[in-house]
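# Coordinate inspection notes
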Amino acid sequence: MRGSTTAEVHGPRWGARAEARAELYAHMSMPVWELVARTVRAGSAVLDIGCGSGEFCRLAAARGAAVSGLDAAEAMVAIARRVVPGDFRVGAMESLPWEDETFDLVTGFNAFHMAADFGVALAEARRVTRVGGTVVLSNWTEVHRNDVLVLGKAVRPLQPPEWAPRPSPPVGEPGVLESLAVEAGLTVDSTGEIDVPWEAPDRRTLVRALLTAGSYYLAIEHSGEAAVAETLAEASEPFRRPDGSYRFENSYRYVVTTRR
Ligand SMILES: C[S@@+](CC[C@H](N)C(=O)[O-])C[C@H]1O[C@@H](n2cnc3c(N)ncnc32)[C@H](O)[C@@H]1O
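Throughout this document, residue positions are counted from 1 along each chain, in the order its sequence is written. Since the coordinates come from a predicted model, pLDDT governs what is reported: local features require at least 70, and pairs of side-chain atoms require 80 or more to be given and counted, while whole-chain, interface and lining totals use all residues. To get the side-chain values, take all heavy atoms of the structure and skip hydrogens and water.

## So, the UniProt feature "domain: Methyltransferase type" (unreviewed entry) in the protein chain
- UniProt positions are given in the numbering used here, feature names are shortened, and annotations may be inferred rather than shown by experiment. UniProt records the feature "domain: Methyltransferase type" (unreviewed entry) at residues 47-136, using the numbering of this structure.
- The numbering of helices and of strands both runs from the N terminus, where a helix is a DSSP run of H or I of at least 4 residues and a strand a run of E of at least 2. With 31% helix and 31% strand, residues 47-136 has end C-alpha atoms that lie 10 Å from one another.

Put into structure tokens, the structure is as follows:
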């Protein structure tokens with residue numbers, strides 16, 4: 001991995017339970033992946049930044065694109081390589097290992113906000129996009145509109161004392177993603193919101209799935225898996241249905257931009 005970036009911090013956290021995340025949790029983003037994948041042209045070159053276990057790349061490849069993906073987590077990239085033929089690299093989004101103007105479409109789904117500097121990561125995305133090509137950014141909407149984000153608050157007391165939420169632009173607020181895109185020299189073509197509900201069939205699956213989120217890694221290290229699991233299950237009670245399954249309502253905002 002080139003350079004010292006948040007990738008070195010996030011890689012191990014998101015990679016620790018990569019297989020379970022791919023199996024149980026990652027598909028929450030499927031609605032936005034499918035929406036964007038519908039725009040992919042056969043023969044185009046596509047890069048997904050923070051590609052996780054490669055699900056979006058798989059959809060893009062099915063439409064005939066040549067796909068590339070980058071993620072800080074080695075274990076995530078290993079899964080992506082297994083599920084779809086493509087150029088998958090372990091690396092840092094602040095310093096992309098591709099030449100200028102390589103791709104027709106560059107995407108980042110809940111990814112750019114993890115960079116130490118959102119603007120630097122977006123500038124890199126722009127750099128590797130061909131003139132006339134597209135950059136798509138997508139992140140959670142406002143915190144209060146996302147049930148799974150409620151759980152993060154419950155886990156806070158289990159985080160190590162020195163833990164603090166990382167400073168990041170308030171990307172969930174209306175207009176913020178658009179402003180960041182414009183600052184990075186991109187032209188905003190369209191924006192939208194999409195529901196990304198997530199369900200778990202039972203408590204055991206719920207806990208296994210939630211523990212895979214990199215944001216709980218430090219809490220697990222500090223307070224132990226059992227304590228974090230218990231807290232997550234308790235905080236999920238409002239979302240439990242009479243049959244014992246759980247449903248969380250969530251939404252993403254997405255911004256489609258062009259590199260002029
Ligand atoms: C919230 S996950 C989203 C994964 C995937 N895009 C999705 O929609 O499910 C964020 C991903 O960004 C990766 N990541 C975090 N910081 C990174 C960085 N600085 N460079 C590259 N990848 C990073 C993590 O390893 C993780 O896989």
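Read on for the rest.
## Quick notes on the pattern of salt bridges
- Note on definitions: salt bridges are taken to be side-chain nitrogens of Lys or Arg within 4 Å of carboxyl oxygens of Asp or Glu. According to the stated counting rule, one finds 17 salt bridges in the structure shown.
- Residue Arg145 is joined to Glu193 by a salt bridge in which the shortest nitrogen-to-oxygen separation is 2.5 Å. Here the residue Arg145 occupies a position in the loop between strand 5 (129-140) and helix 7 (147-155), and Glu193 occupies one in strand 6 (residues 187-195), the gap between them amounting to 48 residues.
- Whether a residue is buried, partly exposed or exposed follows from its accessible area with a 1.4 Å probe, protein chains only, as a fraction of its type maximum: under 20%, in between, or over 50%, in that order. Here Arg145 falls in the partly exposed class, since its relative accessible area comes to 30%.
- Where Glu249 meets Arg247, a salt bridge forms, and the shortest distance between an N and an O atom there is 2.6 Å.
- In this structure Glu249 comes out as partly exposed when scored by relative accessible area, which is 38%.

## With respect to the nonpolar core
- For this analysis, a nonpolar core means a set of buried residues of the types Ala, Val, Leu, Ile, Met, Phe, Trp, Tyr and Cys, connected via side-chain atoms within 4.5 Å. By size, the foremost hydrophobic cluster in this structure holds 51 residues, and its most contacted members are Phe56, Trp198 and Val228.
- Ranked by the residues each element gives to this core, the list is headed by helix 11 (residues 225-235), at 5 residues.
- Pairs of residues are marked as contacts when any of their non-hydrogen atoms sit within 4.5 Å. Once residues within four sequence positions are removed from consideration, Trp198 is found in contact with Leu24, Tyr25, His27, Met28, Val148, Leu206, Ala209, Leu210, Tyr246, Arg247, Phe248 and Asn250.
- Within the second largest apolar cluster, 33 residues are counted, among which are Leu47, Ala73, Ile79 and Phe118.

## With respect to the packing of aromatic side chains
- Any two rings among Phe, Tyr and Trp, with Trp reduced to its six-membered ring, count as a pair given centres within 6.5 Å; such a pair is stacked if its planes are under 30 degrees apart, edge-to-face if over 60, and tilted if neither. For the structure on display, the rule yields 7 aromatic pairs.
- Ring plane angle 55° and centroid distance 5.9 Å describe the contact between Phe112 and Phe118, whose orientation is recorded as tilted.
- By relative accessible area, Phe118 is classed as buried at 3%.
- Look at Phe239 and Phe248: their rings are 4.8 Å apart centre to centre, the planes differ by 40°, and that puts the pair in the tilted class. For the pair Phe239 and Phe248, one class covers both residues: buried.

## With respect to the environment of Ala61
- Structurally, the position occupied by Ala61 is in helix 4 (residues 55-62).
- C-alpha separation for the pair Ala61 and Ala45, spaced 16 residues apart in sequence, amounts to 9.6 Å.
- Every residue in contact with Ala61, bar those within four places of it in the chain, is listed here: Val67 and Val84.

## A closer look at helix 5 (residues 74-83)
- Every buried residue belonging to helix 5 is among Met76, Val77, Ile79 and Ala80, and all of these are buried. Mapping the buried residues of helix 5 onto a view down its axis gives an arc of 155°, with all of them on the same face. Exposed residues lying more than 90 degrees from the buried face of helix 5 are Glu74 and Arg82.
- Here the buried face of helix 5 lies against helix 1 (6-15), helix 2 (18-24), strand 2 (66-71) and strand 3 (87-90). Throughout, the arc means the angular range of directions from the helix axis out to the C-beta atoms.

## A short note on the sheet that holds strand 4 (residues 103-109)
- When DSSP locates at least two bridges between a pair of strands, those strands are taken to pair. Pairing is mixed across the open sheet formed by 7 strands, whose spatial order is 3-2-1-4-5-9-6. In this open sheet, the two strands that pair with only one neighbour each are strand 3 and strand 6. The sheet shows a mean angle of 15° between the axes of neighbouring strands, direction not considered.
- Taken together, the 7 bridges between strand 5 and strand 9 (residues 251-258) define a ladder with antiparallel strand orientation. Following the sheet pairing, Leu137 is matched in strand 9 by Val255.
- Across the face of the sheet, helix 3 (residues 30-37) comes into contact with strand 4, strand 5, strand 6 and strand 9 while running at roughly 165° to strand 4. Orientation is described by axes fitted as lines to C-alpha atoms, over the contacting stretch for helices, and by angles from 0 to 180 degrees between their N-to-C directions.

## Section: the state of the cysteines
- A pair of cysteine sulfur atoms is labelled a disulfide when the two atoms are within 2.5 Å. Per the stated rule, a full pass over the model turns up 0 disulfides.
- Distance from the sulfur of Cys51, which forms no disulfide, to the nearest cysteine sulfur (Cys57) is 5.6 Å.
- For Cys51, a relative accessible area of 4% corresponds to the buried category.
- The exposure class assigned to Cys57 is buried, which follows from its relative accessible area of 0%.

## Thoughts on the layout of surface pockets
- Computed from the structure, the second largest pocket encloses a volume of approximately 240 Å³.
- Lining the second largest pocket are 17 residues; nearest its centre among them are Thr39, Val40, Asp104, Leu105 and Thr134.
- For the lining of the second largest pocket, the secondary-structure elements that each account for two or more residues are helix 3, strand 4, strand 5 and strand 9.
- Top element by residues in the lining of the second largest pocket is strand 5. It accounts for 6 residues.
- Three classes are used, and their members are as follows: Ala, Val, Leu, Ile, Met, Phe, Trp, Tyr, Cys and Pro are nonpolar, Asp, Glu, Lys and Arg are charged, and the others, Gly among them, are polar. Split into classes, the residues belonging to the lining of the second largest pocket amount to 9 nonpolar, 5 polar and 3 charged. A cavity here means a set of points on a 1 Å grid, drawn over the protein atoms and nothing else, where a 1.4 Å probe fits but cannot get out; a pocket is an open set with protein on both sides within 12 Å along at least five of seven lines, and a residue lines either one if it has an atom within 4 Å of a point. Grid points are joined across faces, edges and corners, and a volume is the space filled by probe spheres set on the points.

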